[in-house]
Amino acid sequence: MYFRPAYALMAATALALAAPLPALAQARISIGIQQEPTSLDPTTDATAAINVMLTQNLYEGLTTVDQSGAVIPQLAESWTISDDSLTYVFNLVQGVTFHDGSPFSAADVVFSFERARAEDSGNPRRATFAPIESIAALDDHTVEIVLNNPDAFFLFDLAQGPASIVSEASAETNGTRPVGTGAFRFDAWTRGDRLRMIRNPDHRNADSVAMEVIEFRFISEPAAATAALMAGELDAFPGFPAPELVAQFEADPRFNVMVSSTEGEVILAMNNSREPFTDINFRRAISHAIDREEIIEGAMYGFGIPIGSFYPPHGPAHVDLTDRYALDHDAARALIAESGFDGRELVMRLPPFPYATRSGEIIQAQLAAVGLNVRIENVEWGFWLDEVFRNRNYDFSIIAHTSPNDLGNFARGPSYFYGYEDEAFVDLWNAIRTETDDDTRLEMLRQAQIHLADQAVHGFLFQLPAIGIFRQGVEGFWPSQPVLQLPLTEIAIN
Amino acid sequence: MGYFLFRRTLGFVLTLITVSVVVFAVMNVLPGDPALTILGIEATDEALDNLRRQLGLNDPVHVRYLNWVGGALTGDFGTSHSFRVPVSELIVERLPLTVSLAVSGMVLTIILALTLGIGAAANHGKPGDWGVMFIAQIGIAVPSFWLSILLVLLFAVTLQWLPPGGFPGWSDPVGALRSLVLPTAALALVQGAVLARVTRSSALEVMRLDYVRTARATGFSRQRVLWRHVLPNAMVPIVTIVGLQFASLVTGTIVIENVFYLPGLGRLIFQSISNRDLPTVQALVMLFAAIVVTVNFIVDVLYVLIDPRLKGRN
């Protein structure tokens, strides 16, 4: 075929004329979010919405995490790790300024981390900083951190919101007027209604950021969220709260639905420190009695991947253990008989999340089928935190553990709300945490999953899905959720 | 009159003291720890301890209560545990919206109820009466939550006349008014239905009285008799119900503000209870109690204005 410039031009003109008015690229986006923050400071408050909205967008860390969950540079452009895995030297990006105009330097890193690990610190992830022996600024753009133990998750943990780098000048007021180094800066916050951020023109990657204005709207009611999307008030609802309404959006050509997996393992938690759960036979009986497919279908409308242990199915070390205990009522009854359970009524205390309350009712029926009498108590979140989580006053509960790398929960000893004591697992977890060779660590992570499934510590149910509803043309949201963050620098609306 | 005022003021103060003690006691008995709610399930024990110390939660209950009373007497209602700003700031931010909503809801309720109720009474036994009573019965039976969703579906999603929720703030007066229309309607339709029935039966009772017939016989028009002679005498039960309804309108905003995601006091109290944010809950419950007591007082004064016979009976 010959190339005829004139024809090409004509064709292009015709196309341009035929197309409707050239769609103006939209530079502002309105995003719905269910949870409402009470503070905008991720270093003093664990509310997930703070990290979702602000980490990677307004605040930056030394490191960050990409779509695959891999650690990549952010405020540290590179780093070196000593052979004994104890000394980290971070080379900081130069020429960065905070949103208040003050320059970013090594002193800010030292300040942020010293504040987070200080004696009187209220940092929600203080454990991140526990392995740190010392922090020193070698010069304005180099920071040296020495650990007292190797920590395989250290760089990953530094990418989380509680490890954000803040300036001493604004640290105390970040809760209401957040100042960071990110690609978006704070504009306005109407508590209970909306949070607005605008593009930071001084950011080193500002040229590649398409959005000028980001507006988060706090909408907790699923019905209201649906109406807001339908009425065109919102461009996106990345953590859409109601799986039962997804079909409606899938059928609507104005919207795209994106369902992805998260780091959230949903478990039927059992109080391992209490009879009859101290007996492994009884715990295994529960695993034999649970029908995951039925739970996912009934409670989650089919969204959610079954899990057989405590590790996300998309993770690099995943082992499929969903067949470890076959659905077998006779086996379950036999194991219950063997455990000598007295047949008392068991209490299932459920937090006020739809995945938990709905799964609970189905599991109640499944356990009744093997002769167990379970009473459901729906409690509100403050009650759950105090009575179930802190006081371990429960038999069963259902909860999603949404943090990455949280297998260590099983090594937290009998005072943790699992009430689970397992020296072998503690040793294994310590080995995993301090193992810096990737292949060896992945192999140990596989062992850990198998160990927990063997012990049937909990009923392992399914991986919590993330359901995102997006207006047609909205692009750039991550299709995976390796961290509880919502990076907005690549968003575009066509 | 002086004695009357003194007694009412004393009652007002005693009510507020009782309310403050009850809220404090209930929030302390209720399982839950604000520090745990803020820092989440991964916080270390030391971090939780530090936060509890910062929030002053380690002091004994009576010390905290007396500290709170001391502050409240000087107008300082403390700092919100979860928002970590002065409670008064939170309330001032959100009060205008909730007050706008409650007042506009009340005004619409009264307009609806009086026109429909008197209209129904005037057409007693005719189709118009049945129609109003039928609709009112539905209005009483329908929860405002469900009605809100239906209103949103029709006017925001299908017709796209009004926003489905949210509040742009009074800096955008047109937008602010538009976003108040549906919540106001949701509040007023339910309350208006109740009040319309009361208005109707109260008006019917008065219409049977001799003086109404006399007034008609004297040659006054139906309308004049209805609005000038019947309504004032039918007002006492209506005002009583309006007083009660204002209280339920204020608390009704808790539901309405959640459905229409409006940043008002109703949503704040809901969130503060979940977060075990005692200073905020305390101040809000006190505020609601004060509003209810004040409205009751206004109702009592109105009785005397409406019915001069009550004067002198205190």
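Residues numbered from 1 in each chain as written. Chains lettered and ligands numbered in written order. Predicted model: local features only at pLDDT ≥ 70, side-chain atom pairs only at ≥ 80, totals over all residues.

Student: Looking at this model, I keep getting lost on the overall build of chain B. Mind explaining?
Tutor: Each helix and strand counted, chain B has twelve helices and zero strands in total. Counted from the first residue to the last, chain B has its helices and strands arranged as α-α-α-α-α-α-α-α-α-α-α-α. With the C-alpha coordinates of chain B rotated into their principal frame, the extents come out at 85 × 60 × 35 Å. Burial analysis of chain B (314 residues in total) assigns 37% to the buried set. Counting contacts in chain B only where the partners sit at least 6 residues apart, residues at least 24 apart contribute 71% of the total. (Helix = DSSP H or I, 4+ residues; strand = E, 2+ residues; numbered from the N terminus. Buried ≥ 20, exposed ≤ 12 C-beta atoms within 10 Å, placed from the backbone. Contact = placed C-beta atoms within 7 Å.)

Student: For this particular structure, what's the right way to read the overall build of chain A?
Tutor: Scanning chain A for helices and strands turns up 13 helices and 19 strands. Relative to the 2.2 N^0.38 estimate, which gives 23 Å for 494 residues, the radius of gyration of chain A is 25 Å and therefore close to what a compact globule would have. Its C-alpha atoms put chain A at 85 × 60 × 55 Å along the principal axes. Split into buried and exposed, the 494 residues of chain A put 47% on the buried side. Of all intrachain contacts in chain A linking residues separated by at least 6 positions in sequence, the fraction that spans at least 24 positions is 69%. (Rg over C-alpha atoms; globule rule 2.2 N^0.38 Å.)

Student: Can you walk me through the pairing of strand β8 (residues 184–190) of chain A in this structure?
Tutor: Put simply, side chains in a regular strand alternate between the two faces of the sheet. Residue and element names in this part refer to chain A. Of the strand pairs in this sheet, β8 and strand β9 (residues 194–199) are connected by six bridges, and their pairing is antiparallel. Along β9, the bridge assignment pairs F184 with R199. Connecting the antiparallel pair β8 and β9 is a turn made up of three residues, with G192 showing a positive phi of about 80 degrees. (Pairing = 2+ DSSP bridges.)

Student: Would you mind going over the packing of helix α8 (residues 292–300) of chain A against helix α10 (residues 354–368) of chain A with me for this structure?
Tutor: Residue and element names in this part refer to chain A. The interhelical angle for the contact between α8 and α10, taken along N-to-C directions, is 130 degrees, at an axis separation of 9 Å. With respect to α10, the element α8 is oriented oblique. Crossing geometry of α8 relative to α10 is assigned as right-handed. Residues E294, I295, G298, A299 and M300 of α8 pack against Y355, R358, S359, I362 and I363 of α10. (Axes fitted to C-alpha atoms, helices over the stretch in contact; angles between N-to-C directions. Parallel < 35°, antiparallel > 145°, perpendicular 65-115°, else oblique. Left-handed = near helix turned anticlockwise from the far one by under 90°.)

Student: Please clarify how the domain arrangement of chain B should be interpreted in this entry.
Tutor: One frequent convention defines the size of an interface as the accessible area lost when the parts assemble. Domain parsing of chain B yields domain 1 (2–73) and domain 2 (91–313). If you list the elements that add at least two residues to the side of domain 1 of chain B that touches domain 2 of chain B, you get α1 (2–29) and α2 (34–39) of chain B. (Domains from an automatic or database assignment.)

Student: For this particular structure, what's the right way to read the interface of chain A and chain B?
Tutor: On the side of chain B, 46 residues touch chain A, which itself brings 41 residues to the contact. Looking at the side of chain A that touches chain B, the elements that each hand over two or more residues are β10 (213–218), α5 (222–230) and α11 (381–390) of chain A. Considering every element that reaches the side of chain A that touches chain B, the biggest residue donor is α11(A), with eight residues. Among the residues making up the side of chain A that touches chain B, the classes are represented as 15 nonpolar, twelve polar and 14 charged. (Nonpolar A, V, L, I, M, F, W, Y, C, P; charged D, E, K, R; others polar.)

Student: Is there a simple way to think about unusual backbone geometry in this case?
Tutor: Trans peptide bonds make up the majority, and among non-glycine residues the majority have a negative phi. Residues and elements named next belong to chain A. Cis geometry is adopted by the peptide bond preceding P276, which originates at E275 and carries an omega value of -5 degrees. Its place among the elements puts P276 in the loop between β12 (255–270) and α7 (280–289). Of note, A456 is a non-glycine position whose phi angle comes to about 45 degrees, a positive value. Residue placement: A456 occurs in the loop between α13 (438–455) and β17 (459–471).

Student: Any chance you could explain the nonpolar core here in plain terms?
Tutor: Considering soluble globular proteins, one finds that nonpolar side chains tend to be buried as a cluster. Core analysis: the biggest nonpolar cluster contains 204 residues, and A:M53, A:L268 and B:L39 have the highest contact counts within it. In this view, A:L268 contacts A:I290, A:I363, A:F396, A:I398, A:H458, A:G459 and A:L461; residues no more than four positions away in its chain are not counted. (Core = buried A, V, L, I, M, F, W, Y, C linked by C-beta atoms within 7 Å.)

Student: Would you explain the sheet that holds strand β5 (residues 87–92) of chain A in this entry?
Tutor: Note on sheets: strands pair through backbone hydrogen bonds, and any given pair is parallel or antiparallel. All names here are of chain A. Read from one edge to the other, the open sheet built from four strands follows the order β4-β5-β7-β6, with strand pairing classed as antiparallel. Two strands in the sheet have a free side with no partner beyond their single neighbour: β4 (76–81) and β6 (132–139). Within this sheet the neighbouring strands show an average axis-to-axis angle of 20 degrees, counted without direction. Note: β5 against strand β7 (residues 142–147), five bridges, orientation antiparallel. Opposite F90, over in β7, you have V143 as the bridge partner. The strands touched by helix α3 (residues 106–117) are β5, β6 and β7; relative to β6, the strand with the most contacts, the crossing angle is about 165 degrees.

Student: Explain the packing of helix α11 (residues 265–274) of chain B against helix α12 (residues 278–306) of chain B to me, please; I cannot follow it from the model alone.
Tutor: Two quantities define a packed helix pair, namely the angle between the axes and the distance from one axis to the other. All names here are of chain B. Following both chains from N to C, one finds α11 and α12 inclined at 140 degrees, their axes separated by 9 Å at the closest point. By the angle between their directions, the pair α11 and α12 is classed as oblique. The handedness of the crossing between α11 and α12 comes out as left-handed. Residue-level inspection shows L265, L268, I269, S272 and I273 of α11 in contact with α12, the latter providing T280, V281 and L284.

Student: Sorry if this is basic, but what is going on with the domain arrangement of chain A here?
Tutor: Residues and elements named next belong to chain A. One can read the domain layout of chain A as domain 1 (26–40 + 177–261 + 466–493), domain 2 (59–173) and domain 3 (263–465). Placing a centre on the C-alpha atoms of domain 2 and another on those of domain 3 gives a separation of 34 Å. Contacts between domain 2 and domain 3 engage seven residues on the former and seven residues on the latter. For the side of domain 2 that touches domain 3, the class distribution of residues is four nonpolar, two polar and one charged.

Student: Is there a simple way to think about the pairing of strand β14 (residues 346–350) of chain A in this case?
Tutor: Residue and element names in this part refer to chain A. Most of β14 is tucked away: four of the five residues are buried. Judged from the five bridges that link them, β14 and strand β15 (residues 374–378) form a sheet pairing that is parallel. Across the sheet, the residue bridging to L350 is N378, located in β15. Since β14 and β15 lie parallel, the crossover through α10 that links them has a hand, and here it is right-handed. (Right-handed = clockwise from strand over helix to strand, strands pointing away.)

Student: Mind showing me how you'd approach the environment of B:G40 here?
Tutor: Within the secondary structure, B:G40 sits in the loop between α2 and α3 (45–55). Judged by C-beta crowding, with 19 C-beta atoms within 10 Å, B:G40 ranks as partly exposed. Measuring from C-alpha to C-alpha, the distance between B:G40 and B:N296 comes to 42 Å, with 256 residues separating the pair along the chain. Leave out the neighbours within four places in its chain, and B:G40 touches A:A46 and A:P124.

Student: Hey, could you run me through the confidence of the model for chain B in this one?
Tutor: Note that predicted coordinates carrying low pLDDT should not be read in detail. Looking at chain B as a whole, the pLDDT averages 88, with 98% of positions reaching at least 70. With pTM at 0.87, the complex prediction returns an ipTM value of 0.84. (pLDDT = per-residue confidence, 0-100.)

Student: What is the right way to read α13(A) from this model?
Tutor: Residue and element names in this part refer to chain A. A rise of 1.5 Å per residue sets the reference length of α13, with its 18 residues, at 26 Å; its end C-alpha atoms lie 26 Å apart and thus fit the reference within 8%. Buried within α13 are the following residues: L445, A448, Q449, L452 and A453. For α13, the buried positions fall inside an angular range of 125 degrees around the axis, keeping them on one side. Contact partners of the buried residues in α13: α12 (423–434). Of the residues one or two after α13, A456 is the one with positive phi, at around 45 degrees. (Expected span 1.5 Å × (residues − 1). Arc of directions from axis to C-beta.)

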